[in-house]
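Report on the structure
What follows is each chain in one-letter form.
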Amino acid sequence: MTSHSPQASPRTWLVTGASRGLGAGIVRAALDAGDRVVATARRRETLAEALGPDGENLLTLALDVTRPEQVQAAVDAALGRFGGIDVLVNNAGYGHLSVFEESTPEDVQAQFDTNVFGLMQVTRAVLPSMRARRTGRIFNISSVGGIVGGESGTLYCTSKFAVEGFSESLAGEVRRFGIHVTVVEPGFFRTDFLEPTSVRHGASAIADYAAVSADLKAFYDARSRNQAGDPLRFGKALVTLADAPTPPVRWSAGTDALGMVQAKITSLQAELDAWRELSASTDGDFEFRPEAATATAWR
Ligand SMILES: NC(=O)c1ccc[n+]([C@@H]2O[C@H](COP(=O)([O-])OP(=O)(O)OC[C@H]3O[C@@H](n4cnc5c(N)ncnc54)[C@H](OP(=O)(O)O)[C@@H]3O)[C@@H](O)[C@H]2O)c1
């Protein structure tokens with residue numbers, strides 16, 4: 001673990017998808033640390049049920065991340081109440097878990113509207129105030145599915161790969177303003193994620209996929225309420241990262257995530273090595289001056 005220096009004065013967090021699961025765990029951990037939290041979810045009453053009434057350190061707001069007008073209103077309300085947002089946690093999301101061909105274009109749009117476009121919208125609304133204050137932390141909740149593609153998680157993994165690319169790129173852009181972006185890859189955590197209230201599956205059934213779809217649906221159903229990850233411990237770990245002077249750009253949560261990310265690194269390395277000669281063969285014979293390109297980002 002990197003060294004960290006606990007914050008002296010309370011920070012203000014804004015957490016999306018805070019009514020349940022990881023989001024609720026993050027809110028509880030931040031409140032336990034003495035911080036102030038703007039907790040948001042689609043229906044405000046679900047926040048009161050999960051977190052109790054608003055108080056000095058807790059402001060609950062209705063925020064559907066797919067509705068831009070609600071995004072700006074929530075950020076304005078947070079800034080009006082607490083003066084600044086120190087930590088943004090883009091946590092709202094769900095999994096559309098089916099093979100690609102059993103999904104529809106509307107399923108793709110809906111998955112991206114929440115997991116990607118909503119996350120970007122909230123980030124766009126929060127960044128100007130962080131930039132003005134030259135400080136901030138952004139945690140984008142991705143998934144091991146943002147590192148490892150898996151059959152029957154195609155739409156979900158695609159959306160989380162997008163979150164990874166967005167976060168890694170943004171981290172470089174805003175570091176100069178004292179803003180740190182960390183993309184988080186949880187493994188399986190004990191939340192509603194795989195419950196019918198959250199997960200979505202493909203509506204159409206294609207006979208060729210019947211066996212794999214049934215197999216993976218059975219796996220997800222058996223895994224629900226049978227995950228190793230604890231949302232409150234996840235929240236406490238984010239508080240630790242929020243305290244870290246130099247937080248990582250990527251952070252994996254859970255021993256299952258550690259194993260899956262490690263396996264991906266190993267397989268990437270093996271494929272790179274196995275095809276290295278062919279990869280190197282595509283450079284042209286023309287004159288090439290790498291030093292002519294001066295931007296630092298792609299060196
Ligand atoms: N649990 C896992 O195993 C796991 C693993 C890897 C990554 N993740 C990621 O962790 C994040 C949280 O998931 P979870 O496991 O805590 O699932 P969860 O228990 O189902 O909670 C999902 C949360 O997201 C909110 N949400 C969904 N759509 C929203 C929208 N359009 N606008 C605002 N809020 C919305 C829900 O709010 P409502 O109450 O309004 O529905 C709820 O608070 C997700 O991004 C998920 O992809 C979870």
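Everything numeric in this text was worked out from a predicted model, so none of it was measured.

**Points about the overall build of the protein**
A tally of helices and strands in the protein yields nine helices and seven strands. On C-alpha atoms alone, the protein measures out to a radius of gyration of 20 Å, which is about the 19 Å that the 2.2 N^0.38 rule sets for 299 residues. Overall, the protein is about 65 × 55 × 35 Å in size when its C-alpha atoms are taken along their principal axes. Sorting the 299 residues of the protein into buried and exposed places 44% on the buried side. Accessible area of the protein: about 15700 Å², with a carbon and sulfur share of 55%. Here the protein carries 29 positive and 35 negative side-chain charges, and the mean point of each set is 9 Å from the other.

**Digging into the site of the ligand**
Around the ligand lies a shell of 28 residues, among which S19, R42, Y156, T191 and S198 are the nearest. Taking S19, its side chain carries an N or O atom lying 2.5 Å from an oxygen atom of the ligand. For the ligand, the accessible surface in isolation is 880 Å², of which the surrounding protein chains cover 96%. Elements with a minimum of two residues in the shell around the ligand: α1 (21-32) and α5 (154-174). A breakdown of the residues in the shell around the ligand according to their chemical character gives 11 nonpolar, 12 polar and five charged.

**Considerations on the side chain of D107**
Its location among the elements puts D107 in helix α4 (residues 105-133). Buried charge without a salt bridge: D107, with R200 as the nearest opposite-charge side chain at an N-O distance of 6.4 Å. A polar contact of 2.8 Å, which involves the side chain of D107, links it to the backbone nitrogen of T104. For D107, the contacting residues outside a window of four places in its chain are Y94, H96 and L155.

**Let's talk about the pairing of strand β1 (residues 12-15)**
Of the two faces of β1, both are covered, the one formed by T12 and L14 as well as the one formed by W13 and V15. Two strands pair when backbone bridges link them, and β1 and strand β2 (residues 36-41) are joined in this way by four bridges, in the parallel orientation. Bridging across to β2, L14 finds its partner in V38. With α1 bridging β1 and the parallel β2, this β-α-β connection has right-handed handedness.

**Some remarks on the pattern of salt bridges**
The tally for this structure, following the rule as stated, stands at 16 salt bridges. For the salt bridge of K217 with D221, the shortest nitrogen-to-oxygen distance reads 2.8 Å. With K217 and D221 both in helix α6 (residues 210-223) and four residues apart, this pair spans about one turn of that helix. Accessibility expressed as a relative area gives 40% for D221, which makes it partly exposed. Each of R20, D192, E195 and R225 takes part in salt bridges that share partners, so that together they form one network.

**With respect to the packing of aromatic side chains**
Scanning all chains against the criterion turns up six aromatic pairs. Ring plane angle 50° and centroid distance 5.9 Å describe the contact between F112 and F117, whose orientation is recorded as tilted. Note on F117: relative accessible area 42%, which makes it partly exposed. Taken together through their ring pairs, the aromatic side chains of F188, F219 and Y220 make up a single cluster. In this structure, R200 is placed above the aromatic ring of Y94, and the distance from its NZ or CZ to the ring centre is 3.8 Å. Sitting above the plane of the F188 ring, R223 keeps its charged end 4.6 Å from the centroid.

**What about the confidence of the model for the protein?**
On average, residues of the protein score 94 in pLDDT, and 95% of them are at 70 or above. At the level of individual helices and strands, the protein shows its lowest average pLDDT in α6, which scores 90, and its highest in strand β4 (residues 87-90), which scores 99. Segment residues 1-5 is flagged for pLDDT under 50; beyond a separation of four residues in sequence, or across chains, it makes 10 contacts in the model.

Thresholds applied
- Residues numbered from 1 in each chain as written.
- Predicted model: local features only at pLDDT ≥ 70, side-chain atom pairs only at ≥ 80, totals over all residues.
- Heavy atoms only, no water.
- Helix = DSSP H or I, 4+ residues; strand = E, 2+ residues; numbered from the N terminus.
- Rg over C-alpha atoms; globule rule 2.2 N^0.38 Å.
- Buried < 20%, exposed > 50% of the residue type's maximum accessible area, 1.4 Å probe, protein only.
- Areas by Shrake-Rupley, 256 points an atom, 1.4 Å probe, with all protein chains shown as cover.
- Lys, Arg positive; Asp, Glu negative; His and termini not counted.
- Charge placed at Lys NZ, Arg CZ, Asp CG, Glu CD.
- Near = heavy atom within 4 Å.
- Polar contact = N/O pair within 3.5 Å; in protein donor to acceptor, adjacent residues only side chain to side chain.
- Nonpolar A, V, L, I, M, F, W, Y, C, P; charged D, E, K, R; others polar.
- Salt bridge = Lys/Arg side-chain N within 4 Å of Asp/Glu carboxyl O.
- Contact = heavy atoms within 4.5 Å.
- Pairing = 2+ DSSP bridges.
- Right-handed = clockwise from strand over helix to strand, strands pointing away.
- Phe/Tyr/Trp six-rings, centres within 6.5 Å; stacked < 30°, edge-to-face > 60°.
- Lys NZ or Arg CZ within 6 Å of the ring centre and 35° of its normal.
- pLDDT = per-residue confidence, 0-100.

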